[in-house]
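Structural characterization, general
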Amino acid sequence: MAAPWGRAHAIKAALLVGFLLVVLLNFFTYHYDVKFDKLTHIHTTSPQLWPKRTRSSSEVANITSNNAFTPSANVTAVTASGNTSIPENTTSTQPYILNETLPMDLEHFTRVPMRSSGGVTGSTKLIKSLMTSLGLNACPPVPPDLEGPIEVNITSDSMSNIERWLAPRLKPGGWYRPTECNAKDHVAIVVPFRDREPHLPIFLKNLHPFLQRQQVAYGIFVVEQTEGNLFNRAALMNVGFKEALKMSKWDCFIFHDVDLLPMDDRNLYVCPDQPRHMSVAVDTFGFKLPYSTIFGGVSAMTTKQFRAVNGFSNAFWGWGGEDDDMSNRLKHMGYHIARYPINIARYTMLTHKKEKANPKRYEKLVSGSKRYETDGLNSLHYSVKDIQKKPLYTWILVEIQDVSGVIRLPGSSMILGLVYTKAIYITSITADS
């Protein structure tokens, strides 16, 4: 009996030694990367500093103005007139900082030459792969492949061509997880969609490489509304939240219009400790913030934050109002809207015809505070018509049911609200019989 007992202890001891070896390798690899970055930064002429989360807005303004990052030439933008390839100089004016506390998780970022892979041995790759599978090789706080200002590609292309290019790096449904390290952030990108077929391929071919450089684990969910009713963008985003959580455990949600394309990959698609308005500076608005409480276009919230405000209101049919209502909900729950500096959170908007505005949006905004607890995730009514995991995105086709109005009883001229007692129902039938 002694021999088997001794072998079992020997196996346990070997596993323990192996585990400690992996931990030590991970420790030394991390410190090597830090030293490499510091050595690289010594030779750079104008490092781009990232403000700490705790710095004041005046301090951030000094950093961003004194260490201005010169973008690559010919950053493509789309104006209202449809012109493209307009070089934008982000260093001409000092950026306007919108919050006293900016949710920036990066200490610094410097554009540095790509490391040569010539010195990486097979054993090193094997060790890093093993550490990644064990959950020990965390992605660095500063993604190494960020480029800063990027050129947006707005040329039309077929979905099949884009799939041949991007699909090999993706899982079905447009899901991605970096293989070189363990991603800290698990992000669901929810895109409300209807009648924007030309925009979707352009959106996907820009966003996938953008997100992969940021080393986030993500999935793209395109939630399309069936024909019949007016477009309800807010309800579609609520549907995307619920359906995405049925498929995986996402800790961050980014609600993204399909016609907005990010122009700087330092605009990290992650969720900070406060809800973040991502699309601060859009070219069609002259790269200026229209008003201080705006929360439309692209926005980021944690799963906990979105549930705390009961999601978006389902009462906004037609264009406009739902984002301002969400801004009011966030304020009501004690949150504040965080933003990146205006020279980083830049977007170009694809051209499209103007949607029909909701004439009652202002009325609903005024009365919105009365509905926060009853209008949102807990009052969402929809039916899923189809779900497909396409090569570049997960497609969810839904019918949104309008239950915010009133119903008419069969054979009766009396109109009753959705909430009624059995006694009222019997009385109304008796009155018309």
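Described below are features of the structure shown in this document. Note that the coordinates shown come from a computational prediction; the quantities given were computed from them, not determined experimentally. Just so you know, the residues in each chain are numbered from 1, in the order the chain's sequence is written. Given that the model is predicted, a residue must reach a pLDDT of at least 70 before its local features are reported, and side-chain atom pairs must reach 80 or more before they are shown or counted; all residues, however, enter totals for whole chains, interfaces and linings. The side-chain values count all of the structure's non-hydrogen atoms but skip hydrogen atoms and water molecules.

Moving on, we come to the overall build of the chain. The helix and strand inventory of the chain stands at 10 helices and 15 strands. Using a 1.4 Å probe on the protein chains alone, a residue whose accessible area is under 20% of its type maximum counts as buried, one over 50% counts as exposed, and one in between counts as partly exposed. Burial analysis of the chain (433 residues in total) assigns 47% to the buried set. Residue contacts follow a heavy-atom distance rule, with two residues in contact if any of their heavy atoms lie within 4.5 Å. Pairs at least 24 residues apart make up 80% of the contacts formed inside the chain by residues separated by at least 6 positions. Using a 1.4 Å probe, accessible areas were evaluated by the Shrake-Rupley method; residue-level cover was limited to the displayed protein chains. Within the structure as shown, the chain displays about 22500 Å² of accessible surface, and the carbon and sulfur contribution to it stands at 58%. Working definition: helices are DSSP H or I runs of at least four residues, strands are E runs of at least two. Numbering for both runs from the N terminus.

Two rings from Phe, Tyr or Trp (for Trp, the six-membered ring) form a pair when their centres are within 6.5 Å of each other. A pair whose planes differ by under 30 degrees is stacked, one over 60 is edge-to-face, and the rest are tilted. Under the definition given, this model contains 11 aromatic pairs. Relative to Phe-253, the ring of Phe-241 has its centre 4.6 Å away and its plane inclined at 50°; by these criteria the two rings are tilted. Separated by 12 residues along the polypeptide, Phe-241 in helix α6 (residues 233-247) and Phe-253 in strand β6 (residues 252-256) bring together distant segments of the chain. Relative accessible area serves as the criterion here: at 2%, Phe-241 is assigned to the buried category. Phe-253 gets classed as buried once you look at its relative accessible area, which sits at 0%.

What follows deals with the sheet that holds strand β11 (residues 346-349). Overall, mixed pairing links the three strands, which are arranged β7-β11-β9 in an open sheet. Two strands in the sheet have a free side with no partner beyond their single neighbour: β7 (260-262) and β9 (281-282). Any two strands with at least two DSSP bridges between them are considered paired. Of the strand pairs in this sheet, β7 and β11 are connected by three bridges, and their pairing is antiparallel. Within β11, the position partnered with Leu-260 by the bridge is Met-349.

Our next topic: the nonpolar core. By size, the foremost hydrophobic cluster in this structure holds 52 residues, and its most contacted members are Ile-189, Ile-220, Ile-254 and Tyr-269. Ranked by residues supplied to this core, first place goes to helix α5 (residues 199-213) with seven residues. Those residues in contact with Ile-189 that sit more than four places away from it in its chain are Leu-207, Leu-211, Gly-219, Ile-220, Phe-221, Ile-254, His-256 and Tyr-269. Counting residues in hydrophobic clusters, the runner-up holds 31 residues, among them Ala-188, Val-190, Phe-312 and Val-398. Only buried Ala, Val, Leu, Ile, Met, Phe, Trp, Tyr and Cys residues count toward a nonpolar core, and they belong to the same one when joined by side-chain atoms within 4.5 Å.

Take helix α8 (residues 322-332) next. Residues Glu-322, Asp-323, Asp-325, Met-326, Ser-327, Arg-329 and Leu-330 constitute the buried set of α8. Two residues or fewer after α8 comes Gly-334, characterised by a positive phi angle close to 90°.

Glancing now at α6. Given the number of residues in a helix, its expected span is that number minus one, multiplied by 1.5 Å. With 15 residues, α6 should cover 21 Å at 1.5 Å per step; its first-to-last C-alpha distance of 21 Å lies within 8% of that length. Burial runs high along α6: 11 of the 15 residues are buried. Every buried residue of α6 is accounted for by Arg-233, Ala-234, Ala-235, Leu-236, Met-237, Asn-238, Val-239, Gly-240, Phe-241, Glu-243 and Ala-244.

Moving on, we get to the state of the cysteines. Should the sulfur atoms of two cysteines be covalently bonded, the bond is a disulfide. Sulfur atoms of two cysteines make up a disulfide when they are within 2.5 Å. Applying the stated rule across the entire model yields two disulfides. A disulfide bridge connects Cys-139 with Cys-181, and the sulfur atoms are separated by 2.0 Å. Residues Cys-139 and Cys-181 share a disulfide whose torsion about the S-S bond is about 85°; that sign makes it right-handed. One end of the pair, Cys-139, is in the loop between α3 (122-133) and α4 (159-166); the other, Cys-181, is in the loop between β3 (175-176) and β4 (186-193), and 42 residues separate them in sequence. The class of Cys-139 is buried, set by a relative accessible area of 15%. In this structure Cys-181 comes out as buried when scored by relative accessible area, which is 4%. Between the sulfur atoms of Cys-252 and its disulfide partner Cys-271 the distance amounts to 2.0 Å. In this structure, the disulfide formed by Cys-252 and Cys-271 twists by about 75° around the S-S bond and is classed as right-handed. Here Cys-271 lies in the loop between β7 and β8 (276-277) and Cys-252 lies in strand β6, a separation of 19 residues in the sequence.

Our focus in this paragraph is the pattern of salt bridges. Here, a salt bridge means any Lys or Arg side-chain nitrogen found within 4 Å of an Asp or Glu carboxyl oxygen. Inspection of every chain in the model, using the stated rule, returns 11 salt bridges. Of the charged contacts, one joins Arg-233 and Glu-322 as a salt bridge, the two residues approaching to 2.9 Å between their closest N and O atoms. Residue Arg-233 is located in helix α6, and its partner Glu-322 is located in helix α8; the two are separated by 89 residues in the primary sequence. Arg-233 sits in the buried class, given a relative accessible area of 9%. Here Glu-322 falls in the buried class, since its relative accessible area comes to 5%. We note a salt bridge from Asp-323 to Arg-233, for which the minimum N-O separation is 2.9 Å. In this pair, Asp-323 is assigned in helix α8 and Arg-233 in helix α6, connecting sequence segments 90 residues apart. Each member of the pair, Asp-323 as well as Arg-233, carries the same accessibility label: buried.

Right, let's get into the packing of α4 against α5. Where α4 contacts α5, the axes come no closer than 10 Å and their chain directions differ by 15°. The angle between α4 and α5 falls in the class roughly parallel. Crossing of α4 against α5: the hand is left-handed. Contacts from Met-159, Ile-162, Trp-165 and Leu-166 of α4 reach α5 at Leu-200, Pro-201, Leu-204, Lys-205, His-208 and Pro-209. Just so you know the grouping, Ala, Val, Leu, Ile, Met, Phe, Trp, Tyr, Cys and Pro go in nonpolar, Asp, Glu, Lys and Arg go in charged, and all remaining residues, Gly too, go in polar. Across the contact of α4 with α5, the residue classes break down as eight nonpolar, one polar and one charged. A fitted line through C-alpha atoms serves as each axis, taken over the contacting stretch for helices, and the angle formed by two N-to-C directions is quoted from 0 to 180°. Under this scheme an angle from 65 to 115 degrees is roughly perpendicular, one under 35 degrees roughly parallel, and one over 145 degrees roughly antiparallel; angles in between are oblique. What makes a crossing left-handed is the near helix being turned counterclockwise from the far one by less than a right angle; a clockwise turn instead makes it right-handed.

Further remarks concern unusual backbone geometry. Even without being glycine, Asp-195 reaches a positive phi, approximately 60°. Mapped onto the secondary structure, Asp-195 falls in the loop between β4 and α5. Its identity is not glycine, yet Phe-287 carries a phi of approximately 55°, on the positive side. The exposure class of Phe-287 is buried, given its relative accessible area of 12%.

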